[in-house]
Amino acid sequence: WGAFLQHHGGVYALLVPASITFTVGFAYTLFRPQLKNQLKRFEQRRLRSEFGEMQATMARTKDFVHDVRARGESIPHGSDVIDIEEELGQMLETMHQVEADLEDLYHRA
């Protein structure tokens, strides 16, 4: 397109990309707050959904560990169940930190 426009319009061919850039920039300037709020809401919905899925997975894992212990089965040290329980604790700590960071970011924005 550029060669065609330059051939037929000469120097004025640059007005086409300039007008497109101006239009998009002007529209962005006008709608920036709405776009920002919409993107924020979209990200919150996505995070809420992922957090819910993670909570469900962690609850199932916790129930599994509880059931193994409730049956009175001996759990040898270094077994998969103990590893899962330790990883569950680490994931909870990480999620609490992520939650605190997200709240901090939300209040700063």
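Note: the structure precedes this text.
Rules used in this analysis
Residues numbered from 1 in each chain as written. Predicted model: local features only at pLDDT ≥ 70, side-chain atom pairs only at ≥ 80, totals over all residues. Heavy atoms only, no water. Phe/Tyr/Trp six-rings, centres within 6.5 Å; stacked < 30°, edge-to-face > 60°. Helix = DSSP H or I, 4+ residues; strand = E, 2+ residues; numbered from the N terminus. Buried < 20%, exposed > 50% of the residue type's maximum accessible area, 1.4 Å probe, protein only. Salt bridge = Lys/Arg side-chain N within 4 Å of Asp/Glu carboxyl O.

### Examining the packing of aromatic side chains
Two measures describe an aromatic ring pair: the distance that separates the ring centres and the angle between the ring planes.
Move 1: Considering all chains together, one arrives at one aromatic pair under this definition.
Move 2: Ring geometry for phenylalanine 22 against phenylalanine 26: centres 5.9 Å apart, planes inclined by 15°, an arrangement best described as stacked. Of this pair, phenylalanine 22 and phenylalanine 26 both sit in helix α2 (residues 15-70), four residues apart, which is roughly one turn of the helix.
Move 3: You can call phenylalanine 22 exposed: its relative accessible area is 58%.
Move 4: Look at phenylalanine 26 and you get partly exposed, because its relative accessible area is 47%.

### Re the pattern of salt bridges
Move 1: Following the criterion strictly, the structure yields two salt bridges and no others.
Move 2: Note that glutamate 43 is salt-bridged to arginine 46, the shortest N-O span being 2.3 Å. Of this pair, glutamate 43 and arginine 46 both sit in helix α2, three residues apart, roughly one helical turn.
Move 3: Judged by its relative accessible area of 32%, glutamate 43 is partly exposed.
Move 4: Arginine 46 sits in the partly exposed class, given a relative accessible area of 33%.
Move 5: Within the structure, one salt-bridge network assembled from shared partners comprises Glu43, Arg46 and Glu50.

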